[in-house]
Amino acid sequence: MRGYTHAVIIALLLCVLEAAPARAQERAETSPVESGSVAAFAGAAAAATPYTAPVLVAVPALSAGLSAPAASAAPLAAAAASPAAAMPASAVTVINPASLPDKARDYTGSEWSKLAASAPDEGARAVLRSMRGGANPRLTVKLADGESVSGSFLGLAGDKMAFSSGGRLLGVDMNTRDITEVLRHADAYFDGTGDLRPVDVVVHSRPAVVRDPFRDLAAYQGRYLEIDARDLDDLKWSAHTVAGRLVKADGREVVLEGPKGRATLSPEFHRIDAVREREAHYDSRNQVGTLAEINDRILSGTPVELTLPGKSVPASGRFRGVRSDRDGLYVLLEVPDSDGATTMRAYRNVVSVRTRGYKAGELMDGATPLYAAAAEPARP
């Protein structure tokens, strides 16, 4: 079976990079790498967290054995002339293409799928899921410190996700948990017609990176949270979990409204050890007057099932919103492919949308980690 991707030569990469305009831009309209210049990727996934760099990658990625000084080597000449090239020490690194290997191996879709699943954060997983054999997806990745990288996602360079952006080769750290948004510029396939239409889809969104839960959780007001906490005057024996919809987080206290009533935590009396986000099950049948109302009921990225007229088997995928055009409303799903990547599919005349495994009045399985306190120092 032919591998997921194919090796390419450094000379071709350099041609692509030199041809691209060296300019900083809020949102690059970088063209995908020319046909046939498909990135090859790192080896089989490591199951452990934090992410372990695979054994090798192909051009235009770096070898996993590349030393740290080489990974942060002087930027390309075009980038050096641009003020935007002076990247701060962060999750983003300018990669020197001269250090790229000239040979690569191919990996199957199954191996790539496992690699994507093993990434330590949903932001990185969203980037990896966008890759498809034969094309380099165009993405915009935003980070908590205000940086952003826009361009063609090429694959992996050791522990970096490599992008061709504005004439430069940029790497975003696979281990970072600071990715707040991933915007994918894709083609949506309209079910029943076969039409393809370009769409911009936010495939990952986290309102804020939570470093101080008493303050930063304010961005999650109205969401259902589970918080593991302890009393400061009894850290050893007071561990407990409170759950409910967030009412307030103003730096002085965190207030949740849950099934057992209102719970209040304050930094004066409590230590928060971990925070997770949960989501309640939902079924739109007989609950909405128009499909557009579902955007306020189901979070983007939630696994859902669509009931379609005349079809006994529902369509399923990650909910990416209800949109409208001159032909009316349609539901956009991000649907998994057999090669481990995902495709955007659009559905009209939807009868109902419900969360996968629907159970009335219950929370969905699984939780999204939002915060974990730093490990306490070992006692002598």
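Our subject is the structure that appears above.
In short, a report on the structure.

The rules behind these values
Residues numbered from 1 in each chain as written. Predicted model: local features only at pLDDT ≥ 70, side-chain atom pairs only at ≥ 80, totals over all residues. Heavy atoms only, no water. Helix = DSSP H or I, 4+ residues; strand = E, 2+ residues; numbered from the N terminus. Buried < 20%, exposed > 50% of the residue type's maximum accessible area, 1.4 Å probe, protein only. Contact = heavy atoms within 4.5 Å. Areas by Shrake-Rupley, 256 points an atom, 1.4 Å probe, with all protein chains shown as cover. Pairing = 2+ DSSP bridges. Axes fitted to C-alpha atoms, helices over the stretch in contact; angles between N-to-C directions. Parallel < 35°, antiparallel > 145°, perpendicular 65-115°, else oblique. Left-handed = near helix turned anticlockwise from the far one by under 90°. Nonpolar A, V, L, I, M, F, W, Y, C, P; charged D, E, K, R; others polar. Salt bridge = Lys/Arg side-chain N within 4 Å of Asp/Glu carboxyl O. Core = buried A, V, L, I, M, F, W, Y, C linked by side-chain atoms within 4.5 Å.

### Things to note about the overall build of the protein chain
Then step 1. Check the secondary structure of the protein chain and you find six helices and 18 strands.
Then step 2. With 380 residues in all, the protein chain has 47% of them scored as buried.
Then step 3. A fraction of 60% describes how many contacts in the protein chain between residues 6 or more apart in sequence connect residues 24 or more apart.
Then step 4. If you sum the accessible surface of the protein chain, you get close to 18,300 Å²; carbon and sulfur atoms cover 50% of it.

### Quick notes on the pairing of strand E15 (residues 328–336)
Then step 1. With six bridges joining them, strand E14 (residues 315–325) and E15 adopt antiparallel strand pairing. Pairing of Val322 across the sheet is with Val331, part of E15.
Then step 2. Across six bridges, the pairing between E15 and strand E16 (residues 342–347) is antiparallel. Each bridged residue has a counterpart across the sheet, and for Glu334 the counterpart in E16 is Met344.

### Some remarks on the sheet that holds strand E12 (residues 270–278)
Then step 1. Taken in spatial order, the six strands line up as E11-E10-E9-E8-E12-E18 in an open sheet, and their pairing is antiparallel. Lying at the two open borders of the sheet, with one neighbouring strand each, are strand E11 (261–265) and strand E18 (368–372). Taking each pair of neighbouring strands and ignoring which way they run, the sheet shows an average axis angle of 35 degrees.
Then step 2. Here strand E8 (residues 224–231) pairs with E12 via eight bridges, running antiparallel. Its bridge partner lying in E12, Asp231 is registered against His270.

### Here's the deal with the packing of helix H4 (residues 109–118) against helix H5 (residues 122–129)
Then step 1. With their axes 8 Å apart at the nearest point, H4 and H5 run at an angle of 160 degrees to one another. By the angle class used here, H4 and H5 are roughly antiparallel. H4 and H5 meet at a crossing whose hand is left-handed. Within the contact between the two elements, H4 uses Trp112, Leu115, Ala116 and Ala117 and H5 uses Arg125, Leu128 and Arg129.
Then step 2. For the contact of H4 with H5, the class distribution of residues is five nonpolar, no polar and two charged.

### Some remarks on the pattern of salt bridges
Then step 1. Evaluation of the coordinates by the stated rule reveals 25 salt bridges.
Then step 2. Note that Arg271 is salt-bridged to Asp273, the shortest N-O span being 2.6 Å.
Then step 3. When salt bridges with common partners are traced through the structure, they connect Arg197, Asp325, Asp327 and Arg348 into a single cluster.

### With respect to the nonpolar core
Soluble globular proteins tend to pack their nonpolar side chains together in the buried interior.
Then step 1. Membership of the largest hydrophobic core comes to 35 residues, with the highest contact counts inside it found for Val127, Leu128, Phe153, Met161 and Phe163.
Then step 2. If you tally residues by element for this core, the top one is strand E6 (residues 179–190), at five residues.
Then step 3. Once residues lying within four places of it in the same chain are set aside, the contact partners of Val127 are Leu139, Val141, Phe153, Met161, Phe163 and Val182.

The analysis is restricted to geometry; functional conclusions fall outside its scope.
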